[in-house]
Amino acid sequence: MDSFKREVFTEIKNYTSQIEEFRKAVQFLSDKVDESNTLIASIRKEYSELKKENEIIKSENRKLNEKVYILEDKVKAMEQYSRRTNLEISGIPETKGENVLSLLKDVGSAVGIELHESQVSAVHRIPTFKKERPPSIVVQFLTKIQRDAWIQCFRQKRTLMASEVHPSFSKNRVFIGEHMSPDNKIFLAQLKEKCRDAGFKYVWFREGRFFVRKNDGEKCYKISNLQDLDKVSNIHRGALAKPYDEAVSSKGNLDVVAVPEQGKTPSEPA
């Protein structure tokens, strides 16, 4: 009987020891779970703080981008304004030893306007974006009125060939217009390409602004960026329910421009 008691006591002792070890193991796991929960809570808090900081940085970045965009617009406007008395003539072949001022007089005769040298501050050629084209002639007049008189005479003539300027020149077309800044020339090229894709027939630049028109006789729209053209395209597709003058663009309302009198619209095909 004593032997049986000893065996039972030994077994109970062993079970007690095993249960204690199991309890310690469970406690260890419990402690680890608590540590993990604490760590997860800490990570969540840090993530929340980082998320808030990220939103603040994004907001500040958007504001900075807007300021940069505004400053870039101002610089572009100033660059174009500095050319307000300038005239650009493209399509006139370049000859060795040419007298550009004398050539300018010939252009004036071809479009029906007399050149007074006292009106000209400077005249010279400038490189073009396309190397196959002859360098354009840029004329700086003393006043914008003098510059605009040349543009008006060219528009009234409508088509001018280089051979009309000088018999030795080929019969390629000559264009006379405002002297655009490099940025505006690049944007006009992009706008023309997008107009072709969108089915717009006319796109032009006038007084520092860009305009488009879908077809003859339709409304003209002032375009500030390429996104504005998407808005106009949506209007023509009937995707927007608002009237033309309420279609919101990325920089405000799209401007619906009254079509100028016949002969005063610089309609250059896109």
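In what follows, the structure referred to is the one given above.
Let me begin by describing the structure that accompanies this report. Everything quoted here is computed from the prediction, not taken from an experiment.

Details of the side chain of asparagine 184
Phase 1: Inspection of the secondary structure puts asparagine 184 in helix H5 (residues 182–198).
Phase 2: Judged by its relative accessible area of 9%, asparagine 184 falls in the buried class.
Phase 3: Other than its neighbours up to four places away in sequence, asparagine 184 contacts Gln80, Phe205 and Phe210.

What to know about helix H2 (residues 100–111)
Phase 1: Relative to the 16 Å expected for twelve residues at 1.5 Å per residue, H2 spans 17 Å between its end C-alpha atoms, a close match to the ideal helical length.
Phase 2: For H2, the complete set of buried residues consists of Val100, Leu103, Leu104, Val107, Gly108, Ala110 and Val111. The buried side chains of H2 occupy one side of the element, clustering within an arc of 160° when seen end-on.
Phase 3: In this structure asparagine 99 caps H2, since a side-chain oxygen of it lies 3.1 Å from the backbone nitrogen of leucine 101.
Phase 4: Of the residues flanking the end of H2, it is glycine 112, one or two places downstream, whose phi is positive at about 90°.

Examining the sheet that holds strand S1 (residues 86–90)
Sheet strands line up and pair through hydrogen bonds in the backbone, either parallel or antiparallel.
Phase 1: Across the sheet, five strands lie side by side as S2-S3-S1-S5-S4; this open sheet has antiparallel pairing. For this open sheet the edge positions go to strand S2 (120–126) and strand S4 (160–161), each flanked by a neighbour on one side alone.
Phase 2: Pairing geometry for S1 and strand S3 (residues 136–141), over four bridges, is antiparallel. Residue asparagine 86 lies in a different strand from S3, and its bridge partner there is glutamine 140.
Phase 3: Set on the sheet, H2 makes contact with S1, S2, S3, S4 and strand S5 (173–178); between it and S2 the angle comes to about 100°.

Quick notes on H5
Turn by turn, an α-helix covers 3.6 residues, leaving residues three or four places apart pointing in a common direction.
Phase 1: Across its 17 residues, H5 extends 24 Å between first and last C-alpha, which sits within 8% of the 24 Å expected from 1.5 Å per residue.
Phase 2: Buried within H5 we find Asn184, Phe187, Leu188, Leu191, Lys192 and Cys195. The arc that holds every buried residue of H5, seen down its axis, measures 145°, which confines them to one face. Across from the buried face of H5, at angles greater than 90 degrees, the exposed residues are Arg196 and Asp197.
Phase 3: Phi turns positive one or two residues past the end of H5, at glycine 199, with a value near 80°.

What counts and what doesn't
- Residues numbered from 1 in each chain as written.
- Predicted model: local features only at pLDDT ≥ 70, side-chain atom pairs only at ≥ 80, totals over all residues.
- Heavy atoms only, no water.
- Helix = DSSP H or I, 4+ residues; strand = E, 2+ residues; numbered from the N terminus.
- Buried < 20%, exposed > 50% of the residue type's maximum accessible area, 1.4 Å probe, protein only.
- Contact = heavy atoms within 4.5 Å.
- Expected span 1.5 Å × (residues − 1).
- Arc of directions from axis to C-beta.
- Polar contact = N/O pair within 3.5 Å; in protein donor to acceptor, adjacent residues only side chain to side chain.
- Pairing = 2+ DSSP bridges.
- Axes fitted to C-alpha atoms, helices over the stretch in contact; angles between N-to-C directions.

Geometric values such as these leave the question of function open.
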